[in-house]
Amino acid sequence: MQKCVHIFIAALLLTAFTAQPLWAERLALSVGKANVRSGPGTDKYEILWEIEKYHPIQVIQKQGDWIFFKDFEGDEGWIHKRLVDKTPSVITRKDMVNIRSGPGTDNAVSFRAERGVPFKVLERKGEWLKIQSAYGDKGWIHRKLVW
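Residues numbered from 1 in each chain as written. Predicted model: local features only at pLDDT ≥ 70, side-chain atom pairs only at ≥ 80, totals over all residues. Heavy atoms only, no water.

Mind laying out the pattern of salt bridges, listing which residues take part and the relevant values?
A full pass over the atoms with the stated rule returns 6 salt bridges. Of the charged contacts in the structure, one is a salt bridge between glutamate 50 and lysine 33, with a shortest N-O distance of 3.9 Å. A residue pair is termed long-range when its members are at least 10 positions apart, and glutamate 50 in strand 3 (residues 47-52) and lysine 33 in strand 2 (residues 33-37) qualify at 17 residues. Its salt-bridge partner being lysine 81, residue aspartate 65 comes within 3.3 Å of it at the nearest N-O pair. Within this pair, whereas aspartate 65 is found in the loop between strand 4 (56-63) and strand 5 (66-70), its partner lysine 81 is found in the loop between strand 6 (76-80) and strand 7 (84-85), the two being separated by 16 residues in sequence. Since its relative accessible area comes to 38%, aspartate 65 is described here as partly exposed. Exposure remark for lysine 81: the relative accessible area of 44% places this residue in the partly exposed category. (Salt bridge = Lys/Arg side-chain N within 4 Å of Asp/Glu carboxyl O. Helix = DSSP H or I, 4+ residues; strand = E, 2+ residues; numbered from the N terminus. Buried < 20%, exposed > 50% of the residue type's maximum accessible area, 1.4 Å probe, protein only.)

Which residues make up the nonpolar core, and what values do they have?
Leu27, Leu29, Ala34, Val36, Ile51, Ile57, Val59, Ile67, Phe69, Ile79, Leu83 and Val84 together form the largest nonpolar core, which totals 12 residues. Broken down by secondary-structure element, the contributors of at least two residues to this core are strand 1 (26-29), strand 2, strand 4 and strand 5. Not counting residues up to four positions away in its chain, the partners in contact with leucine 29 are Ala34, Ile51, Glu52, Lys53, Tyr54, His55, Ile79, Leu83 and Val84. If you look at the next biggest cluster of nonpolar residues, it comprises 10 residues, including Ala113, Leu129, Ile141 and Val146. (Core = buried A, V, L, I, M, F, W, Y, C linked by side-chain atoms within 4.5 Å. Contact = heavy atoms within 4.5 Å.)

Here it is as structure tokens:
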């Protein structure tokens, strides 16, 4: 019994220091477009890239009004907290994915999306997500095609 407890504690510590927590907060961009910066501020820190509405991020750290995050590609940067909210969102992680008229491959393809297109999640049915782009396009996508 004691050996099992030691193994469990060792595994727990290893997970805590090497992996991301299962409870990491996910947020999404709530405005049309925003700059991702190299540090927590606008004066001293350069713009690294720009993200668009519904782009999901995984919070790593918070510092004052700024959030340090990682995105679906593993890129890290800083964004002001007033630019994000808890809107459920996903982003395509495969090249040219099919967005369908209903939840299932037997439904027609409504449109296609390139890798890196963010969507708001409207509904879930099993492994399928009903999504909406920032431009209002709606459809269904399989969860394995998004982050």
